[in-house]
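Examining the three-dimensional arrangement
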Amino acid sequence: MDNFDFSDRIITIIEWNAFNQGNEINEIQARVLVLSADSPTGLLNGPLNKLNRIVVTSVDFNDGRIFSIGRQIRLLGYTGSLTVVGDLLPDQFPALLSCGFDKAVILENFNTSQSLEIDQAFDLFEAGDSGTGKINFNQRLP
Amino acid sequence: MNGLYIQRYAPMLRISIPYGELSSSQLRMLADIAESYDRGFGHITTRQNIQFNWLKLEQVPDILEKLAEVQMHAIQTSGNCIRNITCDHLAGIDLNEVEDPRPWCELVRQWATLHPEFLYLPRKFKIAFTGSSTDRAAILAHDIGLRLLRNKKGETGFEVYVGGGQGRTPIVGSLIEPFLPESDLLPYLEAILRVYNLKGRRDNKYKARIKILVKSIGIEVFKSEVDHVFKNLNTDLLGHKTADLSTIKSRFKPVLPDSIKLNGHSLESDQHENYARWLKKNTLSTKFRDYKSIYLSLKHPDRAPGDITAAEMRIVAKLADKYSEGLIRTTHTQNLLLPLVHRSNLVQVWKALSNTNMSVANINTVQDIICCPGFEYCSLASTTSIPIAHEIQSRFMDPVELQALGDIQIKISGCVNACGHHHIGHIGILGVDKKGQEWFQITLGGRADQSLKIGERLGPAVDRDSIADTVEVIIRHYLGKRLDQHEHFLTTLDRIGIDSFRQAVYG
């Protein structure tokens, strides 16, 4: 995952609501919507693909709503950049990727490669493994 | 999510046994672990898993490596995620079954294991399956309960219940979908889980289970939210595709063990009575005419309910290899089962078990108590529970009387978290702490089957010294009041009312 570039214009919830109601914000070319796990789900009803980026903030790594929010945004057809920012664990990154996020803002000392290695070691263990007819719990890390 | 808990005296590791199905090689490995790393025994849980209670934390990586050698693990046996999928322990062999639910359990197990979206739920999440009209998996006491059924067109689907649970707020699951086509199972589960993940409370762990959400917004509102999510799902599940079900089903075709003719396995004259009793209480017919299932009792005053020693595990593994195609099951009631044994081999199995207490003919009797670890292990416990079970079991040691009492389920929890399922015991016992003293509340009339019901409180709590006496009074009152030996405890209770028992206990 790359670090998030904040150079895009972040629009406010008020602007987004106005935008959803048909009020164009013509002067803004690059649009970023910032959501938290507590944001009303109705905010996702607008024309998401008008946005360049959606950022979801995580205040507590235990709060798994961000995974469902990411998944929901993708299921609604959003194809732009989806970023997660905040309190995260390195071993959550593969799951975040699976749920549709493509960027995360992380602390420098987080070892993300390890989490991806672990995920790959459990390749057959991941949901979707039934085609193999068996599971494999004893794969070792390279 | 790693199955490790720091308990009262030592770390506890809970190991997953998906839908209670074990192979003999897995059981042997568990025996090795019990001997090498624990105190020589393991503990079968009410959710069909096994726990080791006396491990050293630094040895857990070695244990996990050994488990991996036999395709076992402890992932998702703790934490706020989808836990082990449990199932009717008679799945695939029950006479009244619509269809074997185990392939569906396996499908959901694979879908739920490390599911990217549902690893950080508001609270733990338990799913149980049955394929029978008789519920032995307590599906109505689960976050999601699934019963396989067939509609008038002959199509297979699921009756779906949601929001059941015990703990400090016992709630019977609500019917959310009377007939869910089987192909919709995973998308529908995804929809339920997503609504729960987004809407379940996270501010108070005691109000975070799905049962509280369903209760607070009502089953109709909850259902409409689930249906809305379900309608808008596309086929691109994060989980896997139902087309693979045929592959899974092919792995669950029953393999019937051969009859093994051996000489020298006739019964001595003094053995006939014990054998007949065992046959009646600890074996049952299956849908395969010449095959019976054998319960191996883990209930006796010499052990904590559900405990099994390493030596016993090896005996069971050997019997399974010889007579049951190497298969063993764990049951929700904390016993073991050899699923399919040829009728002609029953005597051999009984004889092999007769030097152990696993052949005691006490399945579904007052000795067959479900019990939490209580003070003996658990850091959350308010009271003891295992010694209470032993005291009650010791009151009914006469095998003739035990049989005459019929089926009575006693369930004991050492605190309000209800791990011993006291809410749904015919006789439920809940330990409570009052100013440093142990007291016990009694409930009557709970049941864990397809008519699942929360028991009614009998009256004021009784003290530690009186609890076994009180239970005995209740049982003897039932004996005195039942119309005949065929009238079940719950039928007598319904007929004469709980006040009659109150009178007997409190005067």
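These figures come from a predicted structure and were not determined experimentally.

In terms of regular secondary structure, chain A is built from four helices and five strands. The helix and strand sequence of chain A, counted from the amino end, reads β-α-β-β-α-β-α-β-α. When each of the 142 residues of chain A is scored for burial, the buried share is 45%. By element, 49% of the accessible surface of chain A is carried by carbon and sulfur atoms, the whole surface being about 7,200 Å².

Residues and elements named next belong to chain B. Relative to the assigned elements, R209 resides in the loop between α4 (185–199) and α5 (210–217). Among the polar contacts made by the side chain of R209, one reaches the main-chain carbonyl oxygen of K124 at a distance of 3.3 Å. In contact with R209, not counting residues within four places along its chain, are R123, K124, K126, D143 and Y196.

All right, on to the sheet that holds strand β1 (residues 4–6) of chain B then. Residue and element names in this part refer to chain B. With antiparallel pairing, five strands are arranged side by side in an open sheet as β1-β2-β5-β4-β13. Because the sheet does not close on itself, it has two edges, and the strands there are β1 and β13 (307–309). Taking each pair of neighbouring strands and ignoring which way they run, the sheet shows an average axis angle of 30°. Summarising the sheet, strand β4 (residues 41–44) and strand β5 (residues 50–52) pair through two bridges and their orientation is antiparallel. Bridge pairing in β5 links I44 to I50. Set on the sheet, helix α1 (residues 24–37) makes contact with β2 (11–15), β4 and β5; between it and β5 the angle comes to about 20°.

A separate point is the nonpolar core. Residues and elements named next belong to chain B. Core analysis: the biggest nonpolar cluster contains 45 residues, and L30, V316 and L338 have the highest contact counts within it. Counting the residues that make up this core, at least three belong to each of domain 1 (4–69) and domain 3 (272–354). Setting aside residues no more than four positions away along its own chain, L338 makes contact with K292, S293, I294, L296, V316, L319, A320, S324, L327, I328 and V349. Membership of the second largest hydrophobic core comes to 43 residues, among which are I82, V108, L148 and I248.

Quick look at the pattern of salt bridges now. Residue and element names in this part refer to chain B. One pass over the full model with this rule turns up 41 salt bridges over all chains. Between E21 and R329 there is a salt bridge, with the nearest N and O atoms lying 3.3 Å from each other. Taken together, the residues E21 in strand β3 (residues 21–23) and R329 in strand β14 (residues 327–330) connect sequence positions 308 residues apart. Residue R329 is classed as buried on the basis of its relative accessible area of 5%.

For the rest of this paragraph, the subject is the side chain of S16 of chain B. All names here are of chain B. In this fold, S16 is placed in the loop between β2 and β3. A distance of 3.4 Å separates polar atoms of two side chains, one belonging to S16 and the other to N84. Those residues in contact with S16 that lie beyond four places of it in its chain are N49, M72, H73, A74, T77 and N84.

Let us look at the packing of helix α11 (residues 386–395) of chain B against helix α13 (residues 467–481) of chain B. All names here are of chain B. In contact at an axis separation of 9 Å, α11 and α13 are set at 40° when each is read in the N-to-C sense. When the axis of α11 is compared with that of α13, the two are oblique. The hand of the α11/α13 crossing is right-handed. Of α13, the residues touching α11 (which contributes I388, E391, I392 and R395) are I467, A468, D469, V471, E472 and R476.

Once that is clear, we can look at the sheet that holds strand β8 (residues 144–150) of chain B. Residues and elements named next belong to chain B. Taken in spatial order, the five strands of this open sheet run β6-β7-β8-β9-β10, and their pairing is mixed. Strands with a single pairing partner mark the edges of an open sheet, and in this sheet they are β6 (86–87) and β10 (174–181). Examined bridge by bridge, strand β7 (residues 127–130) and β8 share four bridges and lie parallel to one another. Looking at β8, one finds that I127 is bridged to I144.

Relative to the elements of secondary structure, L51 of chain A occurs in the loop between β2 (31–36) and β3 (53–58). Separated by 28 residues in sequence, L51 of chain A and T79 of chain A place their C-alpha atoms 9.4 Å apart.

Before going further, it helps to examine helix α8 (residues 272–282) of chain B. Residues and elements named next belong to chain B. Of the positions making up α8, those classed as buried are Y275, R277, W278, K281 and N282. Along the axis of α8, the buried residues cluster in a sector spanning 160°; they form a single face. Along α8, the residues that are exposed and aim more than 90 degrees away from the buried face are E273 and K280. Residues of α8 that are buried sit in contact with β11 (283–285), β12 (291–296), α10 (346–353) and α12 (399–405).

Residues and elements named next belong to chain B. Running from N to C, α4 and helix α6 (residues 219–231) point in directions that differ by 120°, and their axes come no closer than 8 Å. In this view, α4 runs oblique relative to α6, as classed from their interaxial angle. In this structure, the crossing between α4 and α6 has a hand that is right-handed. Contacts between α4 and α6 involve P187, Y188, A191, I192, R194, V195 and K199 from the former and F222, K223, E225, V226, D227, V229 and F230 from the latter.

Rules used in this analysis
- Residues numbered from 1 in each chain as written.
- Chains lettered and ligands numbered in written order.
- Predicted model: local features only at pLDDT ≥ 70, side-chain atom pairs only at ≥ 80, totals over all residues.
- Heavy atoms only, no water.
- Helix = DSSP H or I, 4+ residues; strand = E, 2+ residues; numbered from the N terminus.
- Buried < 20%, exposed > 50% of the residue type's maximum accessible area, 1.4 Å probe, protein only.
- Areas by Shrake-Rupley, 256 points an atom, 1.4 Å probe, with all protein chains shown as cover.
- Polar contact = N/O pair within 3.5 Å; in protein donor to acceptor, adjacent residues only side chain to side chain.
- Contact = heavy atoms within 4.5 Å.
- Pairing = 2+ DSSP bridges.
- Axes fitted to C-alpha atoms, helices over the stretch in contact; angles between N-to-C directions.
- Core = buried A, V, L, I, M, F, W, Y, C linked by side-chain atoms within 4.5 Å.
- Domains from an automatic or database assignment.
- Salt bridge = Lys/Arg side-chain N within 4 Å of Asp/Glu carboxyl O.
- Parallel < 35°, antiparallel > 145°, perpendicular 65-115°, else oblique.
- Left-handed = near helix turned anticlockwise from the far one by under 90°.
- Arc of directions from axis to C-beta.

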